[in-house]
Each structure stands twice: as C-alpha cells, then as structure tokens.
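Structural features, examined
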Amino acid sequence: MSETDSQAGDDAAENSADSHSPPPASPLIFDDDDFLGIVVEPPDKAPNSKPEDLLDHVTYSPTPTDDASDPSEAEGEIEEAVVGKLCPRCMRLVPRFTKGKTANDSQYSCPSCDEVIQFRYAEDFDQVSRVQLSLAGMSGHGKTMFLRGIYAYLNSLGRKWHGFRFLPLSDDDAQSFRLAIGENKIGELANPSQLVERPVGFQLCGIPGIGAVHLLLYDISGEAFDTSRKLGRHAYFIPRSNVITLILSLTDLENGQELAFLLGRLMEAIRLNGRDPREKSLVVVLTKGDRLKADSTLPDSATAFLSNELPIDPCDMESLHTLSDDLEDWLQQHPENYWNFVQTAKEEFRTVRYTVISSIGSEPTTSDVHVQMNPRNVISPLLWLLRLSLPRITTHVGDKQITFHDVFEASRAVAASSERMELRFGPGRFQLQKSVQLNSTVVLSGDGPNQTQIVVNKRNVHLTAEGGGLAVKGISFIVSGEATGAPLTITDTKFSLNDCSFSGGKREGKVLGNGLLVNGGSTGEIHNCQFRENESHGITVA
C-alpha cells in the first residue's frame, strides 16, 4: 500500500474532532488497502520497551473454556449476526424486517411469515444480542410452571443483581407477564399450554458480565412431543434453536427408558427439518425437585440448590458445573435406568448440561387448589442458555477463570486490576453497548479477524485506549449502524496490532471516518492488518 502526502490545515482540524484532542500540524494518512506493517514512533516520545512484548504469550489456540466444560460451548451465533435478521415468530433469517408504509404505521413484520414483530426487538436488533429459551418436554412435566417460576424470579432479580432491569418487548408480552404474576400471587396451578403459542419476549439489562439481551420464550403443549412428525410440525422452534431446554419430571415417568425414546423423537424431528443435533446444545432441566429431595441418593449439590436460594454469579458458573456433573453421574448410575438417555445425549448433542429446579418450592398436596410460589434454582437454565448461546470473553483473576459476554463488563475487570490482563475473545460478534476506555495494560486476543468481531453500532459509543499498553491479535473492529468515527482510537499508549481488521469508519460533519486513529504521543507497531471500507482513511497518525 502507499502512503499519501501528509496533510495540514483543514485536515488537522477535522482530525481533532475525531480524536477530541489537538493533532500535530502534519498527521500521517494511510488509505484503505491490504496493510503489511508500520512502526509508529513520534519523535517527541520514543518507546521504552517493545510493544510486541505484550504479545509474547498470545497464540492461536482453541478458546479457553471453564473447567469441565466443552470447548464447543464457546461457539456463538456468528452466522445469525452476519447474514440477516432473525424473525422471532418463524425463526427464519431474512434480509430485513418490513416496516409500515405510512408515517403513522411504525409496525414491523417479517417478509417471510408476514407476522407482526415486537417493535423493540426490531428496532434494537443490531444493538442487542438475543437468545431463545426453547422448551421441550411431555405433558405434565412442568414446562408452564417453569415459565411461571422464571417470571417470579425476574420480578425479584433486581434485589440480587445490582443494576438489573427488564421490560417486555410488546404490550402482548406485558400482558402475558401480568397474567402469570397474577396467577403466582393467588397460587393458581398452571393449566396445560395450548398447542401453538407465540413467543413471549423481554429485554433484560444489567446482567452481570453480559449486559443486555433480548430473551424469547417458546412454550408449546406436551402433545406436540407425542411423535417426531408432530413435534417438527408444531414445535417449529425446536429444530431452529441452537440450544434446546428439555424439561423432565423423573417422578412422572413410567420407566427410565421413556427419556431415551423422547430424545429419539427430538433428534428425528431435528433431522426431518434438515438440521443436525450435533450442532446443538441440550440443557436438561429436572423439574419438581421438591419431590426428588425424597430420594436419599440425590447429590448433595442438588439438595443444596433445592433447599436454599443460593447466589449465582453469571461470570462464575463453577457451582452450576459441579451440579451438572453430579446430576449426570447420578442419572448414569440410577436404578431406574436413565443411563440410556445420558449416553445418547452425550453422543448425539454438541454439549449437554444438567440442572434441577423447583418451580413452586414445595410439593402441593392433593387437596391444594392454590399454592405459595417459592421457586428454587429456576434461574439456572437461563444462565446455561446465556452461556451456551452468546460468544464469550475469558480472563483470569488470580487462579480463577472468569467469563464475560460483554466488552464493557470485561473492561471493568481490567480497570480494577493492577496487573496486566489478557482478555481472550472466542468466535462471535461482540456488540459494544457502552463506551469502553482501556487505561491500563491489556492484551486482547481473538480467533482471527474473520471469526472474532468487536462492533461499534451505537451513536456516541466509542472504543478507546489511552495512557496504558495495548496489544491486539486476531480481532476485527467494525463500525456499523448509527455509530460514527473510527472503530478504535489509541492515545498516548504503547501498542501492538497484529492480524487485525478495521472497517466501516463513518464520517459525519467534522468527525472523520478512519479505520484506526492513533494520536497523543502513542508508540507502537502494526503488522498484517487490513483496512477496508472506511469513509475517510485507513489510518490517521496524528
């Protein structure tokens, strides 16, 4: 690639708007092109150490996972984020949602199924990640009561997670929540689900380590699971979900082999729809845990979760991993012959996790018309769903590995540390929900620019490094949506950028649309990076 002539005067003034600090008289400008390497050494500040030393231990190894977890767990829904928009009704990817044709009609619909889409879901699609809680299970096993337990837990979660809040995605969703909470207050037991149900949606904000997500809840009558063809026809969301939540009540089974047969129907329905179960994760939820406590062989970890409302940190899933492993071993050895289910699930699905819940909290008597709702551990299936669905960022604090799903949340851990930290980004699309400023020494490593993407797509949201050390390898930085300026700005920082991509820089007024802005006495090196589709320049060194 070629270096253009240095520019002064008006260009320098424009660059100051992008950097928010006055540039020197003659910034260096590099246009978009395949980029091989550059050394940045402003004459007034030579580096004290080589910036590439920050990367001395960063290699392209598989994304680290939590202890006892499957590496494939780290795979996020990259394809969905890149190739289109996911309709919450038919769960098909479409190029765009259809908006009302008149000024008074702001309603969105799906061009594939022609169903109305929740306004907030459509408006925020490019800014907020989404997960689908797709429930599978036979009649009477507790799917609807589990959803009631989720609603009850959401209603009190703000007292457990500081800063947590939620909103229904539409008036219909608000009404579904209102009815469920009303039924919970009077303790009315659930009626069976209807054969076909529309998804209920919520926007969850302030989840520790995650930030905001759109949660879509899919429930359907257990009758749909009588045969694989009926399942594929009515439970359309099952084959199209990356994570399936299987609701099972062991105390309502005639024999243990029923579980394996149900799993067989589930796998056949997935294959009849042209999908492969090995590409999907399975969360097995043992319901009616209040009954299971009567079994003296139930693992101690399960009894603890069912007896108390144990605190769970979404960034630290160690206790839920232990519970999952204990339940898997317990089912494998159980005299009711659940081993066939355990072995089949392990061989046929990408990842399998187990948990146990009690949606009510106690066993109702036969004479009970109304019960007191006191749900236990109902949040655990949702946490597994988030962990298995969203791309992950891992780091270590001392000897403990911590997992995040949000760049801002991960940056807070960096700010709180007095030592150099590495944030390991798995494959996926990480959407910047809030501005992030990195002021200490940090290493960001990904799975390559085609696999790991950090996207800035909100107005007045920026990613900057200032006053510390920054080393980046294998990450693509992108500006899209309403965002303007450069996807990354580096100021007064020792840095090393290797095998990265910078694209989408957007110009607006005096704000330049650079791929990368380096200023304020920064020193560093750039190797094997690409700069494409930036409206102003690939790099500006000011």
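Residues numbered from 1 in each chain as written. Predicted model: local features only at pLDDT ≥ 70, side-chain atom pairs only at ≥ 80, totals over all residues. Heavy atoms only, no water.

**A word on the packing of helix H9 (residues 300-307) against helix H10 (residues 318-333)**
A pair of packed helices is captured by two measures, namely the crossing angle of their axes and the spacing between those axes. Stated precisely, the cut-off is as follows: Interaxial angle, 0 to 180 degrees, is taken between N-to-C directions of lines fitted to C-alpha atoms, where a helix line uses only the stretch in contact. Put simply, DSSP H or I for four residues or longer makes a helix, DSSP E for two residues or longer makes a strand, and each gets a number counted from the N terminus. By definition in this entry, angles of less than 35 degrees are roughly parallel, angles greater than 145 are roughly antiparallel, angles of 65 to 115 are roughly perpendicular, and the rest are oblique. For any helix crossing, the convention is left-handed if the near helix is rotated counterclockwise from the far helix by under a right angle, and right-handed if that rotation is clockwise. Should any heavy atoms of two residues lie within 4.5 Å, those residues are considered in contact.
It is at 8 Å that the axes of H9 and H10 come closest, and there the two elements cross at 125°. As the angle between them shows, H9 and H10 are arranged oblique. The way H9 lies across H10 gives a crossing that is left-handed. Of H10, the residues touching H9 (which contributes Ser 301, Ala 302 and Phe 305) are Ser 319, Leu 320, Thr 322, Leu 323, Asp 326 and Leu 327.

**A short note on the state of the cysteines**
Each disulfide consists of one covalent bond between the sulfur atoms belonging to two cysteines. Where we set the bar: Any cysteine sulfur atom paired with another within 2.5 Å is treated as part of a disulfide. The buried label applies to any residue whose accessible area, calculated with a 1.4 Å probe on protein chains only, is under 20% of its type's maximum; exposed applies above 50%, and partly exposed to all values in between.
In total, this model carries zero disulfides according to the counting rule given. Between Cys 87, a cysteine without a disulfide, and Cys 110, which holds the nearest cysteine sulfur, the sulfur-to-sulfur distance is 3.6 Å. What makes Cys 87 buried here is its relative accessible area of 0%. The thiol of Cys 529 is unpaired, and the distance to the nearest cysteine sulfur, on Cys 500, comes to 4.7 Å.

**Some words on the pairing of strand E20 (residues 442-445)**
To keep things clear, this is the line we draw: Strands are labelled as partners when DSSP assigns at least two bridges between them.
Of the two faces of E20, both are covered, the one formed by Val 442 and Leu 444 as well as the one formed by Val 443 and Ser 445. Of the strand pairs in this sheet, E20 and strand E23 (residues 469-473) are connected by four bridges, and their pairing is parallel. Directly across from Val 442, in E23, lies its bridge partner Leu 470.

**A word on the pattern of salt bridges**
Heads up, the rule is: In what follows, salt bridge is the name for a side-chain nitrogen of Lys or Arg lying within 4 Å of a carboxyl oxygen of Asp or Glu.
A full pass over the atoms with the stated rule returns eleven salt bridges. Its salt-bridge partner being Arg 89, residue Glu 115 comes within 3.5 Å of it at the nearest N-O pair. Of this pair, Glu 115 sits in the loop between strand E6 (108-109) and strand E7 (116-117) while Arg 89 sits in the loop between strand E3 (85-86) and strand E4 (93-94), and the two are 26 residues apart along the sequence. Exposure remark for Arg 89: the relative accessible area of 22% places this residue in the partly exposed category.

**Quick notes on the sheet that holds strand E11 (residues 211-218)**
If you trace the seven strands from one edge of the open sheet to the other, you get E9-E10-E11-E8-E12-E13-E14, paired in mixed fashion. Looking at which strands have only one partner, the edges of the open sheet turn out to be strand E9 (165-168) and strand E14 (351-356). In this sheet, adjacent strand axes meet at a mean angle of 25° when their direction is disregarded. Where strand E8 (residues 129-136) and E11 come together, six bridges link them in parallel fashion. Across the sheet, Arg 130 pairs through a bridge with His 214, a residue of E11. Lying on the sheet, helix H4 (residues 143-156) is in contact with E8, E9, strand E10 (200-207), E11 and strand E12 (243-248); it crosses E8 at an angle near 145°. The strands that H10 touches are strand E13 (281-286) and E14; relative to E14, the one it contacts most, it runs at about 90°.

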